[in-house]
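The residues making up each chain are set out below.
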2 protein chains.
Amino acid sequence: MRRGLDADEDYTMSTADISGVVAPVITPFRSDLSVDTDRSIEFCRWLLSQNCGLAVFGTNSEANSLSLDERLDLLEQLVDAGIDPQRMMPGTGCCSTVETAKLTSRAVELGCAGVLMLPPFYYKGVSDDGLFAAFSDVIERVGDARLRVYLYHIPPVAQVGISLALTERLLKAYPGTVVGMKDSSGDWSNSKAMLDAFPDLRMFVGSEAFLLDNMRNGGVGCISAVANLNPGGIDALYRNWQADNADDEQSRLNELRRTLQNYPMIPALKATAAQFFGHAGWSAVRPPLVELSDHEKAAMLSDLKAIGFSMNFEYA
Amino acid sequence: MRRGLDADEDYTMSTADISGVVAPVITPFRSDLSVDTDRSIEFCRWLLSQNCGLAVFGTNSEANSLSLDERLDLLEQLVDAGIDPQRMMPGTGCCSTVETAKLTSRAVELGCAGVLMLPPFYYKGVSDDGLFAAFSDVIERVGDARLRVYLYHIPPVAQVGISLALTERLLKAYPGTVVGMKDSSGDWSNSKAMLDAFPDLRMFVGSEAFLLDNMRNGGVGCISAVANLNPGGIDALYRNWQADNADDEQSRLNELRRTLQNYPMIPALKATAAQFFGHAGWSAVRPPLVELSDHEKAAMLSDLKAIGFSMNFEYA
C-alpha cells in the first residue's frame, strides 16, 4: 500500500525508534540574528548528555522564522559536528509541500530517526482530503523507505490540525512510514483518543504535564518546551513512571511548567538559558517574537529561584 | 526617519504608483504540479490587456504552496518574458523575515512597482512590537530606496492581522517605503477606519464588493480574486465610479462574486479558467487545496451561465 516506495527495501531495519524525552531545541542567534551554529552544537551536546532527544526545528526552535536554507545548513552542521542523527527528529513541515519534501529528504539522507511534520498551515479550514494529499505528496516526493513521519498536531499555533480520521487514513496508506504523532493540542482527551484508536501509534505528548498519563496509556514520551531547561528532571519521570512516587514527580514538573507559563514561553526559555549558560546573547529571538524585558527576566529568574529550579549541568 | 536607507537617494522618482484593479494571479500547474510558466506568462499578458495589474504570489496564487525558489524563478521568468514589472505587486511575505527579504529584494531589483507583504504568520497572538520589528527587519535587510511596501491584512487566513496602531508606526518610521495596504479582512469598517486615519495610505480593498465604497473614500483600487476572471468588468467600475450608474455596476459585480462564493474560491477560479481557456489542466491546485469535483464544476459553470457571465477575451 506504500505508494512510491520500493517494496523490496527492508525499511524496518534502517532506522531506530526514538522514545523518551525530546526537546524542541531552542535556536541561539548571534547579535545580527544569524544562527549561532557553534552554540547550537554545544547545546545539543548538553541535551544529549541528559538523555534528551533533539527535535530541532520545532515551534520552540523558531523553525518557521528560519529560512529553508538556514535549516538545511544547521542540520548538516549539527550532523557534521558529530551530533547523532539517530537521536534527532527535525521539524520539516513548511507551507509548501515542495519545501517540506526537500528538508525531509535531507533529514532522511543524514540518517535522522524521524521527522516531525506540520501540515501546510497557511490556508485555514482545509479538508482532510487536502491534508491527506499534502502528506502523500511529501512522502511520495521523498520516496525513501527510511522515512519515519511523526504527525505534528498543534492547532493552537498552526490552526490546521490533524484529525483522528486523517490519522487513520495516513496510517493505513503509509504503514511503517507514518509512525507517530506529537500532540500539542494541550488537550489530553485528544491524545487519549488517538492512543485508544491506534495502539501502534507512537505518541509523544507536547507537554510534560501529560507525560505520566501518556506513559500509563501506551505512549512513548514527550516533546516539550521545558525539556530545553530540565531534560534530566523530565527524563527521570519517563524512566520511573511506574514508581510509587511518580505522581509526586509529575507534580514537581508541573510546578516548573506553571512558573514558566507566566511568561511568553520561547523568550522565557531563552532568557533562562542565557542566565545559566552565562551568555546574554542566548536571549535573542527573531521577530515576530520579542525578547523578555530586563524586568521580566529578573522576575522570572526570581520565580524560578523561589521554586528551587536550577539548570544542573557542567558546561565548560 | 527611514533607517538603513540612503537619505540622499531620490526614491520618489524611481517607481510608478500602481492603482486600479489588480489580480492575485492564479498559478497554473502542469500535471506533476510543477509551475506551468508558459501558461502563466500567457495569462499575465491577458490580464494586462484588460488593464489589470498583477499581484502574483497572493493568497489566490497559492503562493505559500510554492517554494521560495519557485517564486523567485517564476518572477524572473515573467519579467524576462516582457511582463511589465511596473504593473506588478508580487506577494513576498513568508514566515521567515530572511525569506521575505530575499524575495522582496529580487522584486525590487526587477523593478516591480511594489510588494504585497504578509506579516509572519506562524506564531499567533504576537504583539505589535514583534510585528513592527518583523517589517523593520525586512525593510532594513532589503535596504533599497525603491522599495514600496503594501501591508497585507488578511486575518481570516493569516490569523495575524495588521492593526491601525501598527500601520501608524510603520507609516511614521518608513514614509515613502510603507505606502499602502491590501485589506482582505472582509470588513469594510476596517478599511474605512484606515482611510480616515491615514489619508495618504494607498488602500486596495481585498474584494471588488467594496470597490465603490473604497473609491468614494479615497482608496486607489482593489486586489480581488474575481479580477482573475472578470478584470474588464471590475475595471469598468473603477474607471466610472463617479458615473450615475455606478451602484448598478457594483450590484452586477456583486452577483458574480456571490455566485463564485458558493464554491471554494481558488479551485472555482481555476476551474472557470480551465473552461474558458479550453485547457482542463488549469483546474489543478496544490495540496492542501482540492480541485473541484466534476459535479461541482458543472454546477458552477451552470450557475455562471445563468447570470450571463463569460470570460470575454481573445486567446490564440
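Quick caveat: nothing in here was measured; it's all calculated off a predicted structure.

Caption draft 1: How the structure looks around the overall build of chain A. On a plain count of helices and strands, chain A comes out with twelve helices and seven strands. Compactness check: chain A gives a C-alpha radius of gyration of 19 Å against a globular reference of 20 Å for 316 residues, within 12% of the reference. The contacts in chain A between residues at least 6 apart in sequence include a share of 70% that link residues at least 24 apart.

Caption draft 2: Seen up close, the pairing of strand S6 (residues 202-205) of chain A. Residues and elements named next belong to chain A. Strand direction decides the pairing type here: strand S5 (residues 178-183) and S6, joined by four bridges, are parallel. By the bridge assignment for S6, glycine 180 is matched with arginine 202. Crossover connection from S5 via helix H7 (residues 188-197) to parallel S6: handedness right-handed. In terms of strand pairing, S6 meets strand S7 (residues 221-223) through two bridges, oriented parallel. If you follow phenylalanine 204 over to S7, its bridge partner there is glycine 221. Once the chain exits S6 it traverses helix H8 (residues 211-216) before rejoining the sheet at S7, and the crossover so formed is right-handed.

Caption draft 3: A look at the pairing of strand S5 (residues 178-183) of chain B. Residue and element names in this part refer to chain B. Within S5, six of the six residues are buried, which leaves the element mostly enclosed by the surrounding structure. Two elements, strand S4 (residues 149-153) and S5, share five bridges in a ladder whose sense is parallel. Paired with tyrosine 152 across the two strands is lysine 182, which belongs to S5.

Caption draft 4: The arrangement of the domain arrangement of chain A in detail. Residue and element names in this part refer to chain A. Domain annotation of chain A identifies domain 1 (11-246) and domain 2 (262-307). Put simply, the middle of domain 1 and the middle of domain 2, counted by C-alpha atoms, are 24 Å apart. Counted by class, the side of domain 1 that touches domain 2 contains six nonpolar, four polar and two charged residues.

Caption draft 5: Fine view of helix H1 (residues 37-49) of chain A. All names here are of chain A. If you check H1, its first and last C-alpha atoms are 18 Å apart, about what 13 residues at 1.5 Å a residue would give, namely 18 Å. Of all the positions in H1, only Ser40, Phe43, Cys44 and Leu47 are classed as buried. All buried residues of H1 lie within an arc of 100° about the axis, which places them on one face of the element. For H1, the elements touching its buried residues are strand S1 (20-23), strand S2 (53-54), helix H2 (68-80) and helix H9 (231-239). With its phi angle positive at about 65°, asparagine 51 sits one or two positions after the end of H1.

Caption draft 6: Quick look at the environment of leucine 147 of chain B. Residues and elements named next belong to chain B. With respect to the element layout, leucine 147 can be found in the loop between helix H4 (128-142) and S4. Leucine 147 sits 32 residues away from valine 115 along the chain, and the two C-alpha atoms are 7.8 Å apart. If near-sequence neighbours (up to four positions away) are discounted, leucine 147 is found in contact with Thr104, Val108, Ile139, Val142 and Thr177.

Caption draft 7: Just the confidence of the model for chain A, in detail. Residues and elements named next belong to chain A. The predicted model of chain A averages 94 in pLDDT, with 93% of residues at 70 or higher. Between residues 1-15, whose pLDDT stays under 50, and residues either more than four places distant or in other chains, the model counts 23 contacts. Predicted complex metrics record ipTM = 0.94 and pTM = 0.94.

Caption draft 8: Geometry of the interface of chain A and chain B. In this assembly, 32 residues from chain A lie in contact with 32 residues from chain B. Elements with a minimum of two residues in the side of chain A that touches chain B: H2, helix H3 (97-109) and helix H4 (128-142) of chain A. With six residues, the single largest contributor to the side of chain A that touches chain B is H4 of chain A. Residues of the side of chain A that touches chain B, tallied by class, amount to 18 nonpolar, eight polar and six charged.

Caption draft 9: Fine view of helix H7 (residues 188-197) of chain B. Residues and elements named next belong to chain B. Listing the buried residues of H7 in full gives Asn190, Ser191, Met194 and Leu195. Along H7, the residues classed as buried sweep out an arc of 135° about the axis, all on the same side. Those residues of H7 that are exposed and aimed more than 90 degrees away from the buried face are Ser189 and Asp196. The secondary structure elements touched by the buried residues of H7 are helix H6 (164-173), S5, strand S6 (202-205) and helix H8 (211-216).

Caption draft 10: Highlighting the sheet that holds S1 of chain A. Reading across from one edge, S2-S1-S7-S6-S5-S4-S3 (chain A) is the order of the seven strands in this open sheet, with parallel pairing throughout. The sheet terminates laterally at S2 and strand S3 (115-117) of chain A, the two strands that pair on one side only.

Caption draft 11: How the structure looks around unusual backbone geometry. All names here are of chain A. Cis geometry marks the peptide bond from proline 287 to proline 288, where omega comes out at 20°. Note that proline 288 resides in the loop between helix H11 (265-277) and helix H12 (294-306). A positive phi angle, near 55°, is found at glutamate 62, a position not held by glycine. Note on placement: glutamate 62 falls in the loop between S2 and H2.

Caption draft 12: Summary view of the nonpolar core. Val22, Met89 and Tyr150 of chain A together with Val22, Leu54, Met89 and Tyr150 of chain B are the most contacted members of the largest nonpolar core, which totals 204 residues. Two domains each provide a minimum of three residues to this core, namely domain 1 (11-246) and domain 2 (262-307) of chain A. The residues contacting valine 22 of chain B, other than those within four sequence positions of it, are Cys52, Gly53, Leu54, Ala55, Met89, Phe204, Gly221, Ile223 and Ala227 of chain B.

Caption draft 13: Up close: the relation of the copies chain A and chain B. Rotating chain A by 180° and translating it 0.0 Å along the rotation axis places it on chain B, where the RMSD comes to 0.0 Å. Both copies of the chain, as the preceding transformation shows, are related through a two-fold rotation axis.

Caption draft 14: Fine view of the sheet that holds S6 of chain B. Residue and element names in this part refer to chain B. Spatial ordering of the open sheet is given by S2-S1-S7-S6-S5-S4-S3, a layout of seven strands whose pairing is parallel. The strands lining the two open edges of the sheet, one partner per strand, are strand S2 (53-54) and strand S3 (115-117). Bridging between strand S1 (residues 20-23) and strand S7 (residues 221-223) involves three bridges; their strand directions are parallel. Of the residues in S7, the one forming a bridge with glycine 20 is glycine 221.

Caption draft 15: Region of interest: the packing of helix H11 (residues 265-277) of chain B against helix H12 (residues 294-306) of chain B. All names here are of chain B. The N-to-C vectors of H11 and H12 enclose an angle of 75°; their axes lie 10 Å apart at closest approach. The pairing of H11 with H12 is recorded here as roughly perpendicular in orientation. Side by side, H11 and H12 meet where Ala268, Ala271, Thr272 and Gln275 of the first sit next to Lys297, Met300, Leu301 and Leu304 of the second. Tallied by class, the residues present in the contact of H11 with H12 amount to five nonpolar, two polar and one charged.

Cut-off values and rules
- Residues numbered from 1 in each chain as written.
- Chains lettered and ligands numbered in written order.
- Predicted model: local features only at pLDDT ≥ 70, side-chain atom pairs only at ≥ 80, totals over all residues.
- Helix = DSSP H or I, 4+ residues; strand = E, 2+ residues; numbered from the N terminus.
- Rg over C-alpha atoms; globule rule 2.2 N^0.38 Å.
- Contact = placed C-beta atoms within 7 Å.
- Pairing = 2+ DSSP bridges.
- Right-handed = clockwise from strand over helix to strand, strands pointing away.
- Buried ≥ 20, exposed ≤ 12 C-beta atoms within 10 Å, placed from the backbone.
- Domains from an automatic or database assignment.
- Nonpolar A, V, L, I, M, F, W, Y, C, P; charged D, E, K, R; others polar.
- Expected span 1.5 Å × (residues − 1).
- Arc of directions from axis to C-beta.
- pLDDT = per-residue confidence, 0-100.
- Core = buried A, V, L, I, M, F, W, Y, C linked by C-beta atoms within 7 Å.
- Least-squares fit on C-alpha atoms with pLDDT ≥ 70 in both.
- Axes fitted to C-alpha atoms, helices over the stretch in contact; angles between N-to-C directions.
- Parallel < 35°, antiparallel > 145°, perpendicular 65-115°, else oblique.

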